[in-house]
Every structure is written in C-alpha cells, then in structure tokens.
Amino acid sequence: MRRYLRIRNAGLAIFSVMALLFTLDHGVVLAKDKTTSPSIRADRYVSADKEPENWLLNGRTYTDQRYSPLKQINLGNVSDLSLAWYADTDTTRGLEATPLVVDGIMYTSGSWSIVYALDARTGKILWEYDPEVPKAWGRNACCDVVNRGVAYWKGKVYVGTIDGRLVALNASTGAVLWDVNTIDRTKPYTITGAPRVANGRVFIGNGGAELGVRGYFSAYDANSGKMLWRFYTVPGNPKDGFENETVAMAAKTWTGEWWKMGGGGTVWNSMTYDPELNLLYVGVGNGSPWSRDIRSPEGGDNLFLSSIIAVRPDTGKLVWYYQTTPGETWDYTATQHIMLADMEIKGKMRKVLMQAPKNGFFYVLDRETGELLSAEKYVKVNWASHIDMKTGRPVENPEATWKDKTAIVSQSSLGGHNWQPMAYSPKTGLVYLPTRDVAGIYAKEPNFKYRPGGWNTGADLLLFSDVPPEAVTGYLLAWDPVQQKAAWKIKQSLGAWNGGILSTAGDMIFQGTNDGHLKAYRSDNGEMVWQTKTGTGIIAAPMTYMIDGVQYVSIMAGWGGVYGVAFGRAAKAVNGTGPGRILTYRLGGKAHLPPKDVTSAKGLPALIKPLPVSAEVVQRGQALYQRNCSMCHGFGMVGAGVLPDLRYSSPEVHEMWNDIVIGGALAGNGMASFA
C-alpha cells in the first residue's frame, strides 16, 4: 500500500472531541429547487464563531472571513510579541497551509501532502503522516508540490494528496481510516487545495488545467469515503452523452473539439459553505488551453470556466452561477478566496459573497440568488473597461486579445490576487488583500499541437524567458466592499508573492512576506506596528488561537509555489529560500530561531560555459527548456533556490544528462523522465 505512517507518542490520549432570474449571458441560472435543507444541525462547526480559542475550519468559520475575536494581542502590547515555539517540516519546498487548532492540538500539512499533528502549546510533533506520493508525480504539479491544508470533522483529519487521493486519518493517532482515489490516474491531475467538510460530506476538487484535464469537484461521505456525487465544470465529448442537464446546458457555450484537450475548469482552491442557506460555493479555474481561439474556435462563454457556482451540498445540484470572465483566455481563474458576510448595501441588509479573482475586479454578489451587486477594479486592469451591471458581463478591450498578435495585458496570469487568502474585519468593514501589479505578455504558441501530459497553454512561453525584479510589485490593500474603493494601500518592499492575511479584534492584521518577515499592521490605516524575521519566505496565511488563557499567532514559513519555482530573476531577488517551519508567537515568547544557513556562492560549481553550437540549436534548446523545464527550474534558466539552479550544474550532472532527463535516474527525487 502506498502509504507511510510515522507515529510519535502514539500512546498520547487526545481530547474529546434563483429568486431573481437573469439572462443566460449574465451568467446566472436559478435551479427549480429553491428550498433549503429541512434540518441543518447546529453542530460545533456551524457554531465555530463561539469557539474563538479554536480554529476549526480553513477560514476559522464557514464565512471564511479569517477574522478572530481574540484580542489579548493588541495595539497596546504587540511590541512584546515574540517566538513561542517552532517546528521543522524537513523541507525547502513551498508551504501554503493554514493550520487548524482543535482542543489544543494543531493539524496542518506541508510539501508532498505530509500531515502533522502538534501540541499547540509547545510545538511538539505528536504524529506525522506521509502519503508516500510518488515523487515523479510532482511533474504534474503546475505550481510546486504544495498543499493548502487539512479539514477536521468529528475526530477525523482529511487531506488531499498531490497524486489525487483523498485520505481520512484518525485525529488521535494519524492512522489511516480510508484512502480513496479521486482521479483518472492516466491523466496529470493533482490536488493542492484543502478539503472542505459540511453535513458529513467532504468536498474536494483538483488541478491540472495547464496540462490538459477536465475539471470537476466531488463529495465523499466523511465516514466511509464513498463518493456521493460529482459536478463536472466542463462538458465532455458530446458523443458520449452528458452526465446531466447542467452539463448539457454548459456544452451549448462551447465550440470545436475542446474535449480532446481537456478544457480545464479545475477546482483547485476555493470552496465555502453557508449553513443557513445550505449552499456550497465553488470557484472554478481557467481554460485549457488558455487561448479560447484554440480551445473553442467559434467562440462561446465556455461554462463553467472562471465561474462562481452555488450547489446543494447534499446532491451537487446547481442552484446558480456567475461567470467572472466569459470565454476566459488569460488564465483568469475564479478559484480565489470566496468570503461570506452580511452587510448593508444601498440601505438594505444583504447576504453577500465576495471574491477578488485574478481578473482584477472585486465582486459582491447576493449569495442566495447570484445577483451581481457590484464589481469594480481593485488593481490596474486593461483587458476590460468595466462590468456592465445590466448584463453582468465585462466590456472587453479588443487590444487585450491575442488571437493574431502579441498583447500586453494587466493583469498577468499571476492575477491581481491569487490563492493567498484575504481577510475581513467587521470592526472596520474592510477586506484586506495581498495584491500585485504584474503585466502579462500573451501571444499564440507557433504551430501549437496538443501534447498529452505536457504544458498546453497555447501561449508562447518564450515570451516569459526573463522576469526582471523591477517588473513585479506587491501590495497590501484594504478594500471597502460597500463603497467599492481602496481605503489604503501599502507597497511591499520586495517581490510580488506575499502571504495571506489574518484579521483580529486586536485592531490588527497580520501578513507574512516573501522576503522572510511576519508583520502586523493597524487595521484602520495600515501603519506597521510590529515585524520579525522568519528566515524563510512566507506565502501562507497566519491564524490565531488561545490555550490556557494565552493567545498565539501561528504561520507556515516555506518559500515556493509557482512564483518561487518559476519566476527566475524576480523570484531569486527575494532570497526567500530557507528551512520550512511552523512558527508560533505569543506575548513574552522565549524561543529563538537558529541562524540561517547561507551557502556561499563560492562553494557553487562554475556557471555553465556556452557550447560551440549554432544560434539555431540555441534557439531550439531555449524553446524546449521553456516548455518543459522552466516551471520548475525558473524562467530564463534562473532558479530561485527552491529547486536546483541548472546554471550551476556540476560536471557530474552534465555527464549524467541522458540518464537523468531521459532515463529518469532522479525520479525518486521528483525529477521525472522526459523520455
């Protein structure tokens, strides 16, 4: 069996545990079913807000606001905040999870989908579970072998693995309770997102759009692991018949033979549940290939790409949807953080859903009906002038299309906001976002041909052969979702791949940065009031909890993700590489991090010397590298330290080139064969 379990202190005893009908081109469908579940059990997860000492769900509560009522740490004493404990994860790959804390025990996940249970008072590792993902599967991960967290439900911990499995563990011991495959294992699917749990069901999606897969998300029984339903976000081959009326409806918005290239639409991140309305909200990803002119040559909106959809969690039946980017063609996913709140808009209290997806518009929707309430630009945007409030559709700029020309588009495929979670403060009424300003260069790949299992964006990746540091900028943005405007904005000192946000009743927000700092800011005006060095770049979001009357702030520090592995010079300038750790702080903490181990450049092999070959061969080599190698070893062959910088390959590595690249000699380390 492909699983490995290492138990530490196995004998430890652990705790008890559509009202309005919109036109189809608006992007909203109301299902005939307008009812909610007749009985929604008010269990501790629904009432998580009453347990501020715990962090039971990925965003603390089902609202996903990432706001904590704890205020022992506040503006008056934050200067006394210091390290309480740290725990090593024994990796230098990206760490993106938000830990959970349940009754004094912390549960989190790291690179390669490894799960950790720790004593939240001391950081002592209680047990560790390694799903033994075949390292060669890492080539299917577009954006590093990351994992965004676990879910907890009634004494069980759930994790999705990078090779497409969903695993349930005994929360007390780490023993495997069940392990189910969720994918077609002949296709390059991955799972990097945290499972969500509600009403005894575990919900999980997957990734792999860039490599040519068909997206979907599924519900599994939390006790048995039995699949209960599956929602396909992209239609399959019409000759095979459609799974249901919803898929048949979506197929009318596609043209050509998209199914031969997968179509994309993977659900790799955001899901949020509303127990009052009994609705599960799901964010859907980009198209595959990126180019809609290749994917759907006669046009069409290509449902449900780049959409927010609401389904009944018991059945998977569609209730409504809203498409943020019809006919998506810039890798503008809508898989970014979905947040729920009740707020007054134009004199009326509304139950709203908020999202700031990659495309640069901040959306506020009525979460019961899908009605678009507002949408405004939160970053620089030139692909569309505005959102038409009558139709709900963007008004596109023809200059941003790249069917037959090169286009410089804001924002790039990194997005104005990516997966890093935003946070909300009911005290200020503001949403806090990690944003960036990075323009993208788009043009069709010459002589594109679909390559099963390979990168199939349809975009010319040679345009990404270099990313200078000055071309990318990161910001911390405070956004007023009612007025739809910025309250304040802070430019980050370096890099564009900073961590997610935590908001607290102590009148502060916390954020980690890609250059290795954890910082606290005033939530009303953005003034920085505290910072500490972490020794490793941070891309994850902080969380907070309380034990025995002591409040802690905890964060995963691990540099990587798509920016850290692929963005060449821009990522290298951050110098975020360091040991992966869980760092936890309290007032008056006494722990200290060991000195950072800095390898001297003098100890590296010499840079590769140019070979005496023709310009044509060099050009071919560059194209092969950008298509096959750059997403792990860096654009322009500049590695940022997460994975080997090939410019410094030793003579021994050069001698083994065939064995490594073609023969798969290092497949066990994650370097799969390219035979």
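Higher on the page you've got the structure.
What you see is a predicted model, and the numbers here were worked out from it, not measured in a lab.

1. Brief notes about the overall build of the protein
Counting its regular elements, the protein contains eight helices and 40 strands. Radius of gyration (C-alpha) of the protein: 24 Å, near the 26 Å computed for a compact globule of 675 residues. With respect to the three principal axes, the spread of C-alpha positions in the protein is 70 × 60 × 50 Å. Relative to its full complement of 675 residues, the protein shows a buried share of 61%. Of the roughly 25,100 Å² of accessible surface on the protein, 53% is carried by carbon and sulfur atoms. The distance from the centre of the 69 positive side-chain charges to the centre of the 61 negative ones in the protein is 1 Å.

2. With respect to the sheet that holds strand β29 (residues 423-425)
The antiparallel open sheet is built from four strands, whose spatial order is β29-β30-β32-β33. Of all the strands in the sheet, the pair left with one neighbour each is β29 and β33 (485-491). Strand-to-strand, the axes of this sheet are offset by a mean angle of 30°, without reference to chain direction. Taken together, the seven bridges between strand β30 (residues 430-437) and strand β32 (residues 473-480) define a ladder with antiparallel strand orientation.

3. Some thoughts on the state of the cysteines
All told, the structure shown has one disulfide when counted by the stated rule. Cys-629 takes part in no disulfide bond, and the closest cysteine sulfur, belonging to Cys-632, lies 8.6 Å away. Taking relative accessible area as the criterion, Cys-632 reaches 30% and is therefore assigned partly exposed.

4. Here's the deal with the nonpolar core
In terms of nonpolar packing, the biggest core is built from 89 residues, with Tyr-107 and Phe-217 touching the most fellow members. With six residues, strand β39 (residues 550-557) is the largest single contributor of residues to this core. Not counting chain neighbours up to four residues away, the residues in contact with Phe-217 comprise Ile-204, Gly-205, Trp-229, Arg-230, Phe-231, Thr-233, Val-267, Met-271, Leu-280, Val-282, Ile-309 and Val-311. Ranked by size, the runner-up nonpolar core spans 47 residues in total, among them Val-319, Trp-330, Ala-356 and Phe-362.

5. Describing a nonpolar patch on the surface
A surface patch of nonpolar side chains, amounting to about 360 Å² of accessible area, comprises Leu-611, Val-613, Val-617 and Val-618. Residue position: Val-613 is located in the loop between β40 (581-587) and α5 (615-628). Here Val-613 falls in the partly exposed class, since its relative accessible area comes to 44%.

6. Comments concerning the pairing of β33
Pairing geometry for β32 and β33, over six bridges, is antiparallel. Within β33, the position partnered with Trp-479 by the bridge is Ala-486. Between β32 and β33, which pair antiparallel in sequence order, lie four residues; one of them, Gln-484, sits at a positive phi of approximately 55°.

7. Quick look at the pairing of strand β15 (residues 227-232)
Here is the key point about a regular strand: its side chains alternate between the two faces of the sheet. Note: strand β14 (residues 216-221) against β15, five bridges, orientation antiparallel. Within the sheet, the bridge partner assigned to Tyr-216 lies in β15 and is Tyr-232. Count of turn residues in the β14/β15 antiparallel hairpin: five residues, of which Gly-225 carries a positive phi of about 85°.

8. Quick notes on unusual backbone geometry
In this chain, Ser-288 is followed by Pro-289 through a cis amide linkage whose omega measures -5°. Mapped onto the fold, Pro-289 is located in the loop between β19 (287-288) and α2 (292-295). Phe-304 follows Leu-303 through a cis peptide bond whose omega is 5°. Locating Phe-304 in the fold gives a position in the loop between α2 and β20 (307-311). The residue Glu-132 is not glycine, and still its phi comes out positive at about 50°. Following the sequence through the fold, Glu-132 ends up in the loop between β7 (125-130) and β8 (151-153). Glu-132 gets classed as partly exposed once you look at its relative accessible area, which sits at 36%. For Lys-346, which is not glycine, the phi dihedral falls at a positive 55°.

9. Re the environment of Gln-619
Mapped onto the elements of the fold, Gln-619 is located in helix α5. On the basis of relative accessible area, Gln-619 is assigned to the exposed category, the value being 53%.

10. Quick word on the sheet that holds strand β18 (residues 279-283)
Pairing is antiparallel across the open sheet formed by four strands, whose spatial order is β17-β18-β20-β21. Each edge of the open sheet is held by one strand with a lone partner, namely β17 (271-274) and β21 (318-323). The mean inter-strand angle of the sheet, taken between neighbouring strand axes irrespective of direction, is 15°. Of the strand pairs in this sheet, β17 and β18 are connected by four bridges, and their pairing is antiparallel. Looking at β18, one finds that Tyr-273 is bridged to Leu-280.

11. Re the side chain of Gln-492
Within the secondary structure, Gln-492 sits in the loop between β33 and β34 (501-504). Look at Gln-492 and you get buried, because its relative accessible area is 6%.

12. Considerations on the pattern of salt bridges
In this structure the tally under the stated criterion is 31 salt bridges. In this structure, Arg-165 engages Asp-179 in a salt bridge whose closest nitrogen and oxygen atoms are separated by 2.8 Å. Within this pair, whereas Arg-165 is found in strand β10 (residues 165-170), its partner Asp-179 is found in strand β11 (residues 176-181), the two being separated by 14 residues in sequence. For Arg-165, a relative accessible area of 2% puts it in the buried group. We classify Asp-179 as partly exposed; its relative accessible area is 23%. A network of salt bridges, in which partner residues are shared, links Asp-163, Arg-165, Asp-179 and Arg-185.

Parameters at a glance
- Residues numbered from 1 in each chain as written.
- Predicted model: local features only at pLDDT ≥ 70, side-chain atom pairs only at ≥ 80, totals over all residues.
- Heavy atoms only, no water.
- Helix = DSSP H or I, 4+ residues; strand = E, 2+ residues; numbered from the N terminus.
- Rg over C-alpha atoms; globule rule 2.2 N^0.38 Å.
- Buried < 20%, exposed > 50% of the residue type's maximum accessible area, 1.4 Å probe, protein only.
- Areas by Shrake-Rupley, 256 points an atom, 1.4 Å probe, with all protein chains shown as cover.
- Lys, Arg positive; Asp, Glu negative; His and termini not counted.
- Charge placed at Lys NZ, Arg CZ, Asp CG, Glu CD.
- Pairing = 2+ DSSP bridges.
- Axes fitted to C-alpha atoms, helices over the stretch in contact; angles between N-to-C directions.
- Disulfide = S-S within 2.5 Å.
- Core = buried A, V, L, I, M, F, W, Y, C linked by side-chain atoms within 4.5 Å.
- Contact = heavy atoms within 4.5 Å.
- Patch = residues over 30% accessible without salt bridge, like charges linked within 9 Å, V, L, I, M, F, W, Y side chains within 5 Å.
- Salt bridge = Lys/Arg side-chain N within 4 Å of Asp/Glu carboxyl O.

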